[in-house]
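Listed here are the chains, written in short residue letters.
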Amino acid sequence: MSLSPPNSNPRILVFDSGVGGLSVAQEIQQKLPFAPLVYASDNAFFPYGTKGELELIARVDAVFHALIARYPVDIIVVACNTASTLALPHIRNHFSQPTVGVVPAIKPAAAQTKSNVIGLLATPATVARTYTHNLIKEHAANTEVISVGSSELVQLAEQKLRGEKITSERLKPILQPFFDHPRGHEMDTLILACTHFPLMRDELKEQFPAQVSLIDSGEAIARRVVSLLGERQYAEQEPEHLVVFTKASPAVEALQPQLFQFGIHKLDILEV
Ligand code: DGL
């Protein structure tokens with residue numbers, strides 16, 4: 001498994017079903033400001049969090065084959081918990097690039113909680129995954145984990161990035177199960193286990209008492225990317241980022257101004 005020749009700037013593919021992976025892209029940009037990114041959103045099959053496991057593996061396989069054939073990249077970042085908790089072994093077996101995935105931050109949450117009650121906010125698929133249950137068994141066996149799966153919250157994050165204001169009224173019913181849980185008032189750590197959710201960190205934070213700290217895996221992923229690069233340094237030049245969608249749509253057009261804020265000025269459609 002090797003990166004491209006040392007004289008070229010390694011290109012990083014950041015993949016998600018939608019805009020959520022931008023929260024991870026941002027962390028990578030902070031650590032590697034000169035790294036060129038290909039940000040790919042499988043918006044044609046969005047949302048992933050409601051899809052069956054077999055159809056999702058088949059879809060991810062098809063999309064990655066199309067992406068890698070069209071855009072040569074050196075590192076793959078699967079910036080989607082829903083895809084990573086299911087398809088990471090498949091991607092690693094089928095593509096030669098070093099691959100980093102994002103999985104729920106259960107281990108750090110269990111290490112930091114003082115009350116021994118943590119929340120897990122993810123897509124319905126991630127909450128139900130065997131992978132997630134195993135993480136809980138392994139790292140949080142003696143901790144109360146209150147899990148809430150919501151696909152609606154994913155949609156709200158997409159809407160926010162298209163410029164809509166997300167009101168408290170829309171968030172409250174989604175988060176209510178945390179407050180209804182008998183030990184909900186003891187919760188001091190909430191894991192944002194879907195990459196869409198850090199994009200709404202401020203709105204979410206407001207919904208919980210001050211004692212609740214929100215954590216996600218974005219920064220850890222960026223650190224892992226840096227460690228994969230080893231000694232290699234990027235030339236100090238403005239990187240050319242590219243965003244790829246699997247379907248053209250009015251929503252894609254509405255997103256463009258936000259994409260500029262992430263330094264992404266080139267857009268491509270790759271139908272899969
Ligand atoms: N952003 C994705 C994740 O981290 C999932 C969103 C979706 O349901 O498509 O899980």
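Our subject is the structure that appears above.
Residues numbered from 1 in each chain as written. Predicted model: local features only at pLDDT ≥ 70, side-chain atom pairs only at ≥ 80, totals over all residues. Heavy atoms only, no water.

## Details of the packing of aromatic side chains
Scanning the model with the defined rule gives 6 aromatic pairs in all. Ring centres of F45 and Y48 lie 6.1 Å apart, and the angle between their planes is 70 degrees; this geometry places the pair in the edge-to-face category. With a relative accessible area of 18%, F45 lands in the buried category. With relative accessibility at 1%, the residue Y48 sits in the buried group. Considering the side-chain rings of F178 and F208, the 5.9 Å spacing of their centres and the 70 degrees angle between planes classify their relative orientation as edge-to-face. Taken as a pair, F178 in helix α8 (residues 168-180) and F208 in the loop between α9 (201-205) and β8 (213-215) lie far apart in primary sequence, 30 residues in all. A residue is classified by how much of its surface remains accessible, and F178, at 1% relative accessible area, is buried. Taken together through their ring pairs, the aromatic side chains of F15, F45, Y48, F64 and F95 make up a single cluster. Taking the ring centre of F45 as reference, the NZ or CZ of K51 above it sits at 4.8 Å. (Phe/Tyr/Trp six-rings, centres within 6.5 Å; stacked < 30°, edge-to-face > 60°. Buried < 20%, exposed > 50% of the residue type's maximum accessible area, 1.4 Å probe, protein only. Helix = DSSP H or I, 4+ residues; strand = E, 2+ residues; numbered from the N terminus. Lys NZ or Arg CZ within 6 Å of the ring centre and 35° of its normal.)

## Comments concerning the site of the ligand
Near the ligand you find 14 residues, and of these S17, Y48, G49, T82 and H196 are the closest. The separation between a nitrogen atom of the ligand and a polar side-chain atom of D16 is 3.0 Å. A distance of 2.8 Å is found between a nitrogen atom of the ligand and a side-chain nitrogen or oxygen belonging to H196. For the ligand, whose free accessible area comes to 300 Å², the fraction covered by protein is 100%. In terms of residue class, the shell around the ligand is built from 6 nonpolar, 7 polar and 1 charged. (Near = heavy atom within 4 Å. Polar contact = N/O pair within 3.5 Å; in protein donor to acceptor, adjacent residues only side chain to side chain. Areas by Shrake-Rupley, 256 points an atom, 1.4 Å probe, with all protein chains shown as cover. Nonpolar A, V, L, I, M, F, W, Y, C, P; charged D, E, K, R; others polar.)

## Considerations on the sheet that holds strand β10 (residues 264-269)
Strand order in this open sheet of 6 strands is β4-β3-β1-β2-β9-β10, and the pairing throughout is parallel. Among the strands making up the open sheet, the edge pair consists of β4 (99-101) and β10. In this sheet, neighbouring strand axes are inclined to one another by 20 degrees on average, regardless of whether the strands run parallel or antiparallel. Contacts from helix α3 (residues 81-94) reach β3 (75-78) and β4, with the element oriented near 165 degrees to β4. Relative to β10, helix α11 (residues 250-261) is tilted by about 150 degrees, and along the sheet it contacts β9 (241-245) and β10. (Pairing = 2+ DSSP bridges. Axes fitted to C-alpha atoms, helices over the stretch in contact; angles between N-to-C directions. Contact = heavy atoms within 4.5 Å.)

## Notes on the side chain of T143
Locating T143 in the fold gives a position in the loop between α6 (130-139) and β6 (144-149). A residue is classified by how much of its surface remains accessible, and T143, at 13% relative accessible area, is buried. Within polar-contact distance, the side chain of T143 engages the side chain of N116 at 3.4 Å.

## Some remarks on the sheet that holds strand β5 (residues 117-122)
Within the open sheet, the 4 strands sit side by side as β6-β5-β7-β8. Their pairing is parallel. What marks the edges here is a single partner per strand, and that holds for β6 and β8. Here the average twist between neighbouring strands, direction ignored, is 20 degrees. Taken together, the 4 bridges between β5 and strand β7 (residues 189-192) define a ladder with parallel strand orientation. Paired with I118 across the two strands is T189, which belongs to β7.

## Here we look at the nonpolar core
Among soluble globular proteins, nonpolar side chains are generally buried collectively. Counting 30 residues, the largest nonpolar core has I12, V14, L22, I28, L32, V77 and V225 as its most contacted members. Breaking this core down by element, the ones donating at least two residues are β1 (12-16), α1 (21-31), β2 (37-41), β3, α10 (218-229), β9 and α11. If we skip the residues at most four places from it in the chain, V225 touches I12, I28, L32, I75, V77 and V100. Judged by nonpolar contacts, the second largest core, of 26 residues, contains L13, A40, V73 and V244. (Core = buried A, V, L, I, M, F, W, Y, C linked by side-chain atoms within 4.5 Å.)

## Some details on helix α7 (residues 152-161)
Counting buried positions over the 10 residues of α7 gives 7, a clear majority of the element. Those residues of α7 lying buried are L153, V154, L156, A157, E158, Q159 and L161. Buried positions along α7 lie against α1, β5, α8, α9 and α11. Of the residues flanking the end of α7, it is G163, one or two places downstream, whose phi is positive at about 100 degrees.

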